[in-house]
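Residues per chain, in single letters:
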Amino acid sequence: MTRVGVLAIQGDFHEHILVLESLGVETSEVRLPKQLEGLDGLIIPGGESTTIVMLADLYGLRDAIRSAVDGGMALWGTCAGMIVIARELAEDRPEPFNLVDMKVSRNWFGRQVDSFEQDLQIEGIEGGPYRCVFIRAPAVTELGDGVETIASVNGGTPVAVRSGKILATAFHPELTDDTRVHQLFLTLAEGGPKS
Ligand code: GLN
């Protein structure tokens, strides 16, 4: 059975857990490095990226997540999670984990009041457009080699990318009833160790 953990130190981790449970996945909350053992995938949820990074560093999770990813664990960052796993940010803080070769702008769409929903076609997801919920959302401003855009807005700004077994979305699939992005992540998590 696939085992997926959700980083549960800040943000909307509970919503991810509910979706995963509805899909019959063995799910756990991750707060400490040892809780990463044996996971096929980890989700870093939306929330507030400086807080997530600060607490993750306090618990020693930065290096632990990196070595789990090196060992083949799939990883998905949603919104603040996308910011946390980036190589570099347009802003000074926080210092991201540098797990995906991309530069991210934290509040690319503006402030809380500029939150919105939009139907987008996501590559790798069948069944028509996906309703994307953007809340003080980031966007990708630079992509490295091997990082593929799977959804974009405004004629080309990437808001969902994939790099091997790593997925990053600027929007919040855990806040809709549509489980297709979670299912896409599960196919990455089920893909076995990275060769
Ligand atoms: N822009 C926020 C940040 O910098 C993330 C917002 C979200 O996760 N909904 O942390």
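For the structure given in this document, a descriptive report is provided here.

Calculation criteria
- Residues numbered from 1 in each chain as written.
- Predicted model: local features only at pLDDT ≥ 70, side-chain atom pairs only at ≥ 80, totals over all residues.
- Heavy atoms only, no water.
- Pairing = 2+ DSSP bridges.
- Helix = DSSP H or I, 4+ residues; strand = E, 2+ residues; numbered from the N terminus.
- Axes fitted to C-alpha atoms, helices over the stretch in contact; angles between N-to-C directions.
- Contact = heavy atoms within 4.5 Å.
- Near = heavy atom within 4 Å.
- Polar contact = N/O pair within 3.5 Å; in protein donor to acceptor, adjacent residues only side chain to side chain.
- Areas by Shrake-Rupley, 256 points an atom, 1.4 Å probe, with all protein chains shown as cover.
- Nonpolar A, V, L, I, M, F, W, Y, C, P; charged D, E, K, R; others polar.
- Core = buried A, V, L, I, M, F, W, Y, C linked by side-chain atoms within 4.5 Å.
- Buried < 20%, exposed > 50% of the residue type's maximum accessible area, 1.4 Å probe, protein only.
- Phe/Tyr/Trp six-rings, centres within 6.5 Å; stacked < 30°, edge-to-face > 60°.

## So, the sheet that holds strand E1 (residues 3-7)
So, step 1. Spatially, seven strands are ordered E2-E1-E3-E4-E12-E11-E10 in an open sheet, and the strand pairing comes out mixed. The outermost strands of the open sheet, each flanked by one partner alone, are strand E2 (26-30) and strand E10 (148-153). With strand direction ignored, the average angle separating the axes of adjacent strands in the sheet is 20°.
So, step 2. Bridge count for strand E4 (residues 74-78) against strand E12 (residues 166-169) is four bridges, and the pairing is parallel. In the strand pairing of E12, Gly77 is matched with Ala168.
So, step 3. Contacting E1, E2, strand E3 (41-44) and E4, helix H1 (residues 13-22) crosses the sheet at an angle of about 165° to E1.

## Observations regarding the site of the ligand
So, step 1. Every residue near the ligand is listed here: Gly46, Gly47, Glu48, Ser49, Cys79, Ala80, Ile83, Arg106, Asn107, Ile135, Arg136 and His172.
So, step 2. Between an oxygen atom of the ligand and a main-chain N or O atom of Ser49, the distance comes to 2.6 Å.
So, step 3. At a separation of 2.8 Å, a nitrogen atom of the ligand approaches a polar backbone atom of Arg136.
So, step 4. Isolated, the ligand exposes 300 Å² of accessible area, and the fraction of that covered by the protein chains is 97%.
So, step 5. Looking at side-chain class alone, the shell around the ligand contains four nonpolar, five polar and three charged residues.

## Notes on the sheet that holds strand E5 (residues 86-89)
So, step 1. Spatial strand order, E5-E6-E9: three strands in an open sheet with mixed pairing. Because the sheet does not close on itself, it has two edges, and the strands there are E5 and strand E9 (139-143). Shown here is a sheet whose adjacent strand axes are inclined to one another by a mean of 40°, direction ignored.
So, step 2. When strand E6 (residues 100-105) meets E9, the two strands line up antiparallel, connected through four bridges. Looking at E9, one finds that Val104 is bridged to Val140.

## Points about the nonpolar core
So, step 1. Of all hydrophobic cores here, the largest spans 68 residues; its most connected members are Ile65, Met102 and Phe134.
So, step 2. The greatest single-element share of this core, amounting to six residues, is contributed by helix H5 (residues 180-189).
So, step 3. Setting aside its immediate chain neighbours within four residues, Met102 contacts Met82, Ile85, Ala86, Arg87, Glu88, Val140, Glu142, Leu143, Val161 and Ala168.

## A few points about the environment of Pro94
So, step 1. Looking at where Pro94 falls in the secondary structure, it is placed in the loop between E5 and E6.
So, step 2. The exposure class assigned to Pro94 is buried, which follows from its relative accessible area of 8%.
So, step 3. Sequence spacing of Pro94 and Thr50 is 44 residues, and the spatial spacing of their C-alpha atoms is 5.1 Å.
So, step 4. Ignoring anything within four residues of it in the chain, the contact list for Pro94 reads Ser49, Thr50, Val53, Leu89 and Arg106.

## A word on unusual backbone geometry
So, step 1. Between Arg93 and Pro94 the backbone carries a cis peptide bond, its omega angle lying at -10°.
So, step 2. Unusually for a residue other than glycine, Asn154 sits at a positive phi of about 50°.
So, step 3. Summarising the element assignment, Asn154 is placed in the loop between E10 and strand E11 (157-163).

## As for the packing of aromatic side chains
So, step 1. Per the stated rule, a full pass over the model turns up seven aromatic pairs.
So, step 2. Each ring, one from Tyr130 and one from Phe171, has its centre 6.3 Å from the other, and the planes form 40°; the classification is tilted. Of the two residues, Tyr130 is situated in strand E8 (residues 130-134) and Phe171 in the loop between E12 and H5; the sequence distance between them amounts to 41 residues.
So, step 3. Using a relative accessible area of 0% as the deciding quantity, one classes Phe171 as buried.
So, step 4. Both rings, one in Phe134 and one in Phe171, keep their centres 5.6 Å apart while their planes meet at 65°; by these two values the pair is edge-to-face.

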